[in-house]
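Coordinate analysis (summary)
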Amino acid sequence: MKLDRRNFIGTSAAIAAAMAAPTVMASGKPRVVVVGGGAGGATAARYIAKDSKGAIDVTLVEPTRNYYTCFFSNLYIGGFRSLDSIGHSYGNLATEYGINVVHDWAVGIDRGSKTVTLAGGATLNYDRLILSPGIDFIDGSVEGWSINAQNKMPHAYKAGSQTELLKAQIEAVPQGGVFAMVAPPNPYRCPPGPYERVSMIAHLLKYHANNPTAKIIVADPKPKFSKMGLFQEGWGSHYSGMIDWIGSEFGGGNVSVDPDAMTVTIDGEVTKVDACNVIPAMKAGRICEIAGITEGNWAPVSGHTMQSRVDENIHVLGDASAQGDMPKSGYSANSQAKVAAMAVRGALTGSKVFPAKFSNTCWSLVHTNDGVKVGATYEATDEKIAKIDGFVSKTGEAADLRKATYQESIGWYSGITADMFG
Amino acid sequence: MVLLSGQIHADEVNIDVPFELLELVGDVEYGEYLASDCKTCHKADGESGGIPNIYGKSMGELITALYGYREKIIPNPVMQMQAGRLSDEEIAALAAYFEILINWEE
Ligand SMILES: Cc1cc2nc3c(=O)[nH]c(=O)nc-3n(C[C@H](O)[C@H](O)[C@H](O)COP(=O)(O)OP(=O)(O)OC[C@H]3O[C@@H](n4cnc5c(N)ncnc54)[C@H](O)[C@@H]3O)c2cc1C
């Protein structure tokens, strides 16, 4: 998806409009502002614009011009995708759907006057506000690591340059060297993400970096993880002897790092490492705190509409929300966005509102053509989003079934990104 | 469609759909909402990777496939789960919506 001239004009016209008028849009139409153009925000903006057929003004605030999906970023590390293939521009959302795409940060929210302030100084009025800012990291959650150390020990948990950096550092690990990952505590974005990443890093080392004697150490504060049996089966059969997973029972949660000395200390034992991926504990994107709608680390919402429990004019989607049983995934954020879009249109234009339905599937790649998946359907109860039914791949499945599962994930990637960006 | 995995696909199974289901008249608006769930995987412009195209299929084909997945006659777990929560009315609503798409592109 390239930014051609037509798209460029669309986007820059929107920016020019935003610059010219301190309060964008005075058309009398109901106004929706969406903060965050990721899995939740881009989908919500697109569905509201598309289905309201011009009856609602939609502004999407997103600082980056190119959104790199975290989903499939592990496949880039493993050598299965190019970085370009996971980058997406907002051109279509501006030109095809008439969304005002503003490339800026939201830095303030006044819930009383229903306004959003941008870093560039502009103020946007809203009738409904949708926040889908993803995650931020909790300071001090991994001793010795702070965001200032992210170039020495990348998190790569927001995709793009961080992912590129991590891959380059792993490629530079010397023969028989050591890579360490510090895995995050629950709840965090993409439960199988760190373990798919371990698989893809083993694949990179073994097949692309010609370094099959390198070692991978995973320090984990949890006793078990998503699809654990499936990953451990694959690690044993494809990357035998390379991966040492240290769970909480074995001190994996007692960890500190020294990014200058490039050491990792696990349960008192100091190890010199050649590359290190620190995935800290997570919380809702900071703008939720600024809006004053968080409880603890996340923003609680009603599953019926994804409305904040604190302010009914705000909907929170995706990773930032505390909603109940759904995992923090791109698929979940996309699914929640459609429910929120329907609710917002219903509230602002009186269109019909149906009972909320959600679903999720997370595919992970363990090795070439060795895909596994876990999925579930959900419904809204007054208390939370509750799981109805689910499935998970089984250990010992035939190779052709695993290949078909991987093929599904490729189809899903093009489906969901088309659903987000048009 | 191509056999990816030696698995059985919708068009390779004999499925007897109950007459009452085929008779139902679906609510198109409800179908449109339900179909938003399908679009996470099934792209409007056709098949991609392991996800088949479902746009342009007849009402009968769609109802048969969804019923087949719901009743677990066709084996794919993703589709069994998607169809598993659909009532007869919801299957009819989806079929009605997709039928309309054949005539009016979005
Ligand atoms: C390695 C990895 C692998 C993954 N694999 C999968 C997978 O296979 N399948 C899957 O479904 N999910 C996967 N995920 C999870 C998925 O990426 C996230 O759950 C999803 O992106 C969440 O969507 P979101 O809308 O909440 O946040 P995001 O998609 O992160 O979007 C948030 C956006 O908000 C913007 N933003 C933040 N603050 C502001 C502000 N103040 N003002 C304006 N904009 C702001 C950011 O720039 C960002 O673009 C993976 C994640 C990782 C890290």
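Residues numbered from 1 in each chain as written. Chains lettered and ligands numbered in written order. Predicted model: local features only at pLDDT ≥ 70, side-chain atom pairs only at ≥ 80, totals over all residues. Heavy atoms only, no water.

A word on the sheet that holds strand β13 (residues 243-246) of chain A. Residue and element names in this part refer to chain A. Strands sit in the order β13-β12-β11-β17 across an open sheet of four strands; the sheet is parallel. Each end of this open sheet is capped by a strand with a single partner; those strands are β13 and β17 (275-278). For this sheet, the mean angle separating the axes of adjacent strands, direction not counted, is 15 degrees. Both strand β12 (residues 215-219) and β13 contribute to a ladder of four bridges, which runs parallel. Looking at the pairing, Ile 217 lines up with Asp 244 of β13. Packed on one face of the sheet, helix α6 (residues 193-208) meets β11 (178-182), β12, β13 and β17 and runs near 170 degrees to β12. (Pairing = 2+ DSSP bridges. Helix = DSSP H or I, 4+ residues; strand = E, 2+ residues; numbered from the N terminus. Axes fitted to C-alpha atoms, helices over the stretch in contact; angles between N-to-C directions. Contact = heavy atoms within 4.5 Å.)

Moving on, we come to the domain arrangement of chain A. Residues and elements named next belong to chain A. We note that the domain assignment places domain 1 (5-136 + 282-421) and domain 2 (146-278) within chain A. Across the boundary between the two partners, domain 1 contributes 37 residues, which contact 33 residues of domain 2. Where domain 1 abuts domain 2, roughly 3,000 Å² becomes buried across the two surfaces, and 62% of that area is made up of carbon and sulfur atoms. Inspection of the region where domain 1 meets domain 2 yields three salt bridges. Across the pair Glu 233 and Arg 402 runs a salt bridge whose closest N-O atoms are separated by 3.2 Å. The set of elements that each furnish at least two residues to the side of domain 1 that touches domain 2 consists of α3 (73-78), β10 (135-137), β22 (357-367) and β23 (370-380). Among the residues making up the side of domain 1 that touches domain 2, the classes are represented as 18 nonpolar, twelve polar and seven charged. (Domains from an automatic or database assignment. Buried area = accessible area lost by both parts, 1.4 Å probe. Salt bridge = Lys/Arg side-chain N within 4 Å of Asp/Glu carboxyl O. Nonpolar A, V, L, I, M, F, W, Y, C, P; charged D, E, K, R; others polar.)

Below, the discussion takes up the packing of aromatic side chains. All names here are of chain A. Going through the model one piece at a time under the given rule, you end up with 19 aromatic pairs over all chains. Ring geometry for Phe 71 versus Trp 412: centroids 5.5 Å apart, planes at 50 degrees, classification tilted. Remark: Trp 412 occurs in helix α10 (residues 399-421) and Phe 71 occurs in the loop between β3 (66-68) and α3; sequence separation between them is 341 residues. Overall, Phe 71 belongs to the buried group, its relative accessible area being 13%. Judged by its relative accessible area of 7%, Trp 412 is buried. Their ring planes at 65 degrees and their centres at 6.3 Å tell us that Phe 72 and Trp 412 sit as a pair that is edge-to-face. Of this pair, Phe 72 sits in the loop between β3 and α3 while Trp 412 sits in helix α10, and the two are 340 residues apart along the sequence. (Phe/Tyr/Trp six-rings, centres within 6.5 Å; stacked < 30°, edge-to-face > 60°. Buried < 20%, exposed > 50% of the residue type's maximum accessible area, 1.4 Å probe, protein only.)

All names here are of chain A. Of the consecutive residues Asn 186 and Pro 187, the connecting peptide bond is found in the cis state with omega at -15 degrees. Mapped onto the fold, Pro 187 is located in the loop between β11 and α6. Look at Lys 53: it is not a glycine, yet its phi comes out positive at around 50 degrees. Note on placement: Lys 53 falls in the loop between α2 (39-52) and β2 (57-61). On the accessibility criterion, Lys 53 (69% relative accessible area) is exposed. Phi at Asp 267 is positive, roughly 50 degrees, even though this residue is not glycine. For Asp 267, the position within the fold is in the loop between β15 (263-266) and β16 (269-272).

Tallied over the full model, the rule gives 21 salt bridges over all chains. The salt bridge involving B:Glu90 is made with A:Lys357; its shortest N-O contact spans 3.2 Å. Remark: A:Lys357 occurs in strand β22 and B:Glu90 occurs in helix α5 (residues 88-103); the pair is interchain, linking two chains. Exposure class is identical for B:Glu90 and A:Lys357. Each is buried. Here the salt bridges do not stand alone but share partners, grouping A:Glu233, A:Asp370, A:Glu397 and A:Arg402 into one network.

Turning our attention to the environment of A:Lys167. Residues and elements named next belong to chain A. Examined against the element boundaries, Lys 167 turns out to sit in helix α5 (residues 161-171). For Lys 167, a relative accessible area of 12% gives the class buried. Not counting residues up to four positions away in its chain, the partners in contact with Lys 167 are Tyr 76, Ile 77, Gly 79 and Leu 204.

With that out of the way, let us pick up the sheet that holds strand β24 (residues 385-392) of chain A. Residue and element names in this part refer to chain A. Ordered by their spatial adjacency, three strands build an open sheet running β22-β23-β24, and the pairing between neighbours is antiparallel. Looking at strand neighbours, the two that pair on one side only are β22 and β24, the edges of this open sheet. Taken over all neighbouring pairs, the strand axes of this sheet differ in orientation by 20 degrees on average, direction set aside. One ladder, built from ten bridges, connects β22 with β23; its direction is antiparallel. Note that in β23 the partner of Ser 364 across the bridge is Val 372. In this fold α10 packs onto β22 and β23, with an angle of close to 55 degrees to the strand it touches most, β23.

Among all positions of α5(A), only A:Gln162, A:Thr163, A:Leu166, A:Lys167, A:Gln169 and A:Ile170 are buried. Buried residues of α5(A) fall within an arc of 165 degrees about the axis and therefore sit on the same side. (Arc of directions from axis to C-beta.)

The tendency in soluble globular proteins is for nonpolar side chains to be buried as a group. Counting residues in hydrophobic clusters, the biggest one holds 143 residues, and the most contacted among them are A:Val116, A:Leu131 and B:Phe98. Here this core gets eight residues from one element, more than from any other, and that element is helix α9 (residues 330-349) of chain A. Lining this core are residues from two domains, each supplying at least three of them: domain 1 (5-136 + 282-421) and domain 2 (146-278) of chain A. Residues contacting B:Phe98, with those up to four places away along its chain left out, are B:Ala35, B:Cys38, B:Ile54, B:Tyr55 and B:Leu62. If you look at the next biggest cluster of nonpolar residues, it comprises 18 residues, including A:Trp145, A:Met262, A:Val264 and A:Cys276. (Core = buried A, V, L, I, M, F, W, Y, C linked by side-chain atoms within 4.5 Å.)

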